[in-house]
Amino acid sequence: MSGRYAVADAGLDDAPTIDITDVPVAADDHNSRTPFGSLTRASVGSDAESRIADGFMACVGRWGVGKTTVEDIAREAGLSRATVYRHFPGGKSAIAATAWSLDVSKFIAAVTDQILDARSIEDALVVGMTTVVHHFGRHPALNFMRDHEPAEFERLVSFERMDTILLASGTSMAPLLGRFLDPVDSFDVSVWMARILVSYIAEPAAYFDLGSEKDVRRFVRTFILPGLAAEKTSQTKTPTQGDLKNLGDQNVHC
Amino acid sequence: MAERYNPDPPMMTEVLRAMVDGNALETRERIMAAVIACAGSGGLRGLSMADVASAASVSRTTIYRYFPDGRNQLLTETATWEIARFWARVADAVAGFETLEDRLVAGLVIGRRMMSRSRILTNLNGSDVGDLLEVSQPSDALMRGLVASYIRSGLEDEIETGRARADLDLDLTADYLARMAISWIANSPGLDLEDDPAVRRIVRTQFLAGIMR
């Protein structure tokens, strides 16, 4: 998946074109791996582990989580079953956990690249949301699960996991918005975006197309930007410091 | 996904009332209440028809008369019934508040409180999560539609009184608010939902800032 494509191809008219370059899609060709940013590199394990993770995603994209066996994953990764178990003694569920966290690192890297080029908070939010949606829209594993294994799909974003997902989104995305907003607002709006994206990706809305940059911009202008403006004039602040401390991240709140 | 949305849903409370009280048979309800009780103490995985029969004081044959497709049907319909009861209680609790803002604030606080007191959710362990999602997932879209239609009527009132913007896309806005409410009730890291001013601040900024005048 090394091609470029523009959001403008999706039938937009007046919106500026955004290049989504090398948005990495899971189950990608192992040999042409995109060089990701430092965020990703830190969490990428050995080459064998990423091949196993890719193998898992490829199988899930083909026949789902339920029917995928460690045998299948090994074959897909071109490794023996023993090698797979040496890297993942926990078997399929351990592979799944690593595969999904690598996948998240990939799209965080893609979103990071896009947001760094944004010139306003509006553009940053629009390009951030659009990039995430495009990543998941072209994601065979996720699409298979959503269409055929809804309970497995929901498990990925189930309420017991969502706190972690939301806080992690806040921590990883907030520094990118620091050019436009103060740290507390950056964190809050990042969590807010993650909340919205999870909801609309899991259950697309009938009223607007999250894949259309024009619709996303309208959405951001209608619901998000006025909220940020209201935040500025608000008296009290959300007590997010405690959670940030729990995550051990000192960079967001200085 | 459009086909899953009912474009003209009846008022949430009416639908829920019918599902919860209306024509529901007493025995049927007793069986479903027994499922909730059994799931609350022993989780879903080990829950057997025999346990449910004994807790509901009915025979297994009776259970199969009401739920002919067996355990899976029983669990899925019970989940829908229980989630509908949850939202009916939230709707009842916020009915006394006049503005949409007050109803949203109260709904988040009460919904969150009910979630934290649920024995099923409190006792949930890892392997049970998948089972619970399996039975509750089918009602997700229905419930969101009901919450959205409830919020939509509140929005219409706010537009009429001039408090909300008149140029709103009502369907999009009601759907957005329903998603936000459901998401916040399920997950609110960093926010004590018992803290009314903090909840109000969230409602004013993330829910309503672009909606109210």
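Everything numeric here is computed off the predicted structure, so don't read it as measured data. (Residues numbered from 1 in each chain as written. Chains lettered and ligands numbered in written order. Predicted model: local features only at pLDDT ≥ 70, side-chain atom pairs only at ≥ 80, totals over all residues. Heavy atoms only, no water.)

Participant: How do you make sense of the overall build of chain A when you look at a structure like this?
Facilitator: In terms of regular secondary structure, chain A is built from 12 helices and two strands. In chain A, the succession of helices and strands from N to C terminus is β-β-α-α-α-α-α-α-α-α-α-α-α-α. The proportion of buried residues among the 254 residues of chain A is 54%. Nonlocal contacts in chain A, meaning residues at least 24 apart in sequence, comprise 66% of its contacts between residues at least 6 apart. For chain A, the exposed area adds up to about 11200 Å²; of that, 53% sits on carbon and sulfur atoms. (Helix = DSSP H or I, 4+ residues; strand = E, 2+ residues; numbered from the N terminus. Buried < 20%, exposed > 50% of the residue type's maximum accessible area, 1.4 Å probe, protein only. Contact = heavy atoms within 4.5 Å. Areas by Shrake-Rupley, 256 points an atom, 1.4 Å probe, with all protein chains shown as cover.)

Participant: I'm lost on the side chain of aspartate 72 of chain A in this one. Help?
Facilitator: With respect to the helices and strands, the residue aspartate 72 of chain A is situated in helix H3 (residues 70-77). Its relative accessible area of 12% is what places aspartate 72 of chain A among the buried residues.

Participant: Even after reading the chapter, I still don't get the packing of helix H9 (residues 159-177) of chain A against helix H10 (residues 183-202) of chain A, so can you show me in this structure?
Facilitator: When two helices pack together, their arrangement is given by the angle between the helix axes and the distance between those axes. All names here are of chain A. Running from amino to carboxyl end, H9 crosses H10 at an angle of 130 degrees, the nearest separation of the two axes being 7 Å. The orientation of H9 relative to H10 falls into the category oblique. The handedness of the crossing between H9 and H10 comes out as right-handed. Mapping the contact onto sequence places Met162, Leu166, Leu167, Ser169, Gly170, Thr171, Met173, Ala174 and Leu177 in H9 and Ser186, Phe187, Val189, Ser190, Val191, Ala194, Arg195 and Val198 in H10. Here the contact of H9 with H10 is composed, by residue class, of 11 nonpolar, five polar and one charged. (Axes fitted to C-alpha atoms, helices over the stretch in contact; angles between N-to-C directions. Parallel < 35°, antiparallel > 145°, perpendicular 65-115°, else oblique. Left-handed = near helix turned anticlockwise from the far one by under 90°. Nonpolar A, V, L, I, M, F, W, Y, C, P; charged D, E, K, R; others polar.)

Participant: When you look at the side chain of threonine 76 of chain B in this model, what are you seeing that I'm missing?
Facilitator: All names here are of chain B. Within the secondary structure, threonine 76 is located in helix H5 (residues 71-94). In this structure the side chain of threonine 76 is engaged in a polar contact, spanning 2.8 Å, whose partner is the backbone oxygen of asparagine 72. Those residues in contact with threonine 76 that sit more than four places away from it in its chain are Val135 and Pro138. (Polar contact = N/O pair within 3.5 Å; in protein donor to acceptor, adjacent residues only side chain to side chain.)

Participant: Even after reading the chapter, I still don't get the confidence of the model for chain B, so can you show me in this structure?
Facilitator: Interpretation of this model should avoid reading the predicted coordinates in detail wherever pLDDT is low. Residue and element names in this part refer to chain B. Chain-level statistics for chain B give a pLDDT mean of 85 and a share of 87% at 70 or above. Of all the helices and strands in chain B, helix H1 (residues 12-22) carries the lowest mean pLDDT, 54, while helix H10 (residues 170-186) carries the highest, 95. Below a pLDDT of 50 lies the segment residues 1-10, which in the model reaches 11 contacts outside its immediate sequence neighbourhood of four places, other chains included. With pTM at 0.77, the complex prediction returns an ipTM value of 0.82. (pLDDT = per-residue confidence, 0-100.)

Participant: Would you mind going over helix H2 (residues 26-42) of chain B with me for this structure?
Facilitator: Quick reminder: α-helices carry 3.6 residues per turn. Residues three or four places apart thus point the same way. Residues and elements named next belong to chain B. Taking 1.5 Å of rise per residue, the 17 residues of H2 would be expected to cover 24 Å, and the 24 Å separating its terminal C-alpha atoms lies within 8% of that figure. Of the residues making up H2, those classed as buried are Ile31, Met32, Ala34, Val35, Ile36, Cys38, Ala39 and Gly40. Looking at the packing, one finds that the buried side of H2 touches helix H3 (49-56), helix H4 (60-66), H5 and helix H7 (119-122). Just beyond H2, the residue with positive phi is glycine 43, at close to 80 degrees. (Expected span 1.5 Å × (residues − 1).)

Participant: Just checking my understanding: could you explain unusual backbone geometry for this structure?
Facilitator: Glycine aside, the phi torsion of most residues is negative, and most peptide linkages are trans. For serine 57 of chain B, which is not a glycine, the phi torsion comes out positive at approximately 55 degrees. Within the fold, serine 57 of chain B resides in the loop between H3 and H4.

Participant: What is the right way to read the packing of aromatic side chains from this model?
Facilitator: Aromatic ring pairs are described here by two measures, namely the spacing of the ring centres and the angle between the planes. By the definition in use, this model includes eight aromatic pairs over all chains. Seen from their ring centres, phenylalanine 223 of chain A and tyrosine 176 of chain B are 4.1 Å apart, and the 15 degrees between their planes marks the pair as stacked. With phenylalanine 223 of chain A in helix H11 (residues 213-233) and tyrosine 176 of chain B in helix H10, this residue pair bridges two chains. Per residue, the accessibility class of phenylalanine 223 of chain A equals that of tyrosine 176 of chain B, and both read buried. Aromatic rings pair up to connect Tyr200, Phe208, Phe219 and Phe223 of chain A together with Tyr176 of chain B into one cluster. The lysine or arginine in question, arginine 62 of chain A, covers the ring of tryptophan 63 of chain A, its NZ or CZ lying 5.4 Å from the ring centre. Sitting over the ring of tryptophan 81 of chain B, arginine 85 of chain B keeps its end group 4.3 Å from the ring centre. (Phe/Tyr/Trp six-rings, centres within 6.5 Å; stacked < 30°, edge-to-face > 60°. Lys NZ or Arg CZ within 6 Å of the ring centre and 35° of its normal.)

Participant: So what exactly am I meant to see when it comes to the packing of H2 of chain B against H5 of chain B here?
Facilitator: Residue and element names in this part refer to chain B. Put simply, H2 and H5 touch, their axes get as near as 10 Å, and they point 90 degrees apart. Between H2 and H5, the crossing angle belongs to the class labelled roughly perpendicular. On H5, the residues touching Arg28, Glu29, Ile31, Met32, Ala33, Val35 and Ile36 of H2 are Leu74, Leu75, Glu77, Thr78, Trp81 and Glu82. When grouped by side-chain class, the residues that make up the contact of H2 with H5 number eight nonpolar, one polar and four charged.

Participant: Before we go on, may I ask you to explain the nonpolar core in this structure?
Facilitator: Side chains of nonpolar character tend, in soluble globular proteins, to be buried together. Counting residues in each nonpolar core, the largest one holds 101 residues, and the members touching the most others are Ile196 and Ile224 of chain A together with Phe207 of chain B. For this core, the element with the highest residue contribution is H10 of chain B, accounting for 10 residues. Once residues lying within four places of it in the same chain are set aside, the contact partners of phenylalanine 207 of chain B are Leu104, Leu108, Tyr176, Leu177, Met180, Ala181, Trp184 and Ile202 of chain B. (Core = buried A, V, L, I, M, F, W, Y, C linked by side-chain atoms within 4.5 Å.)

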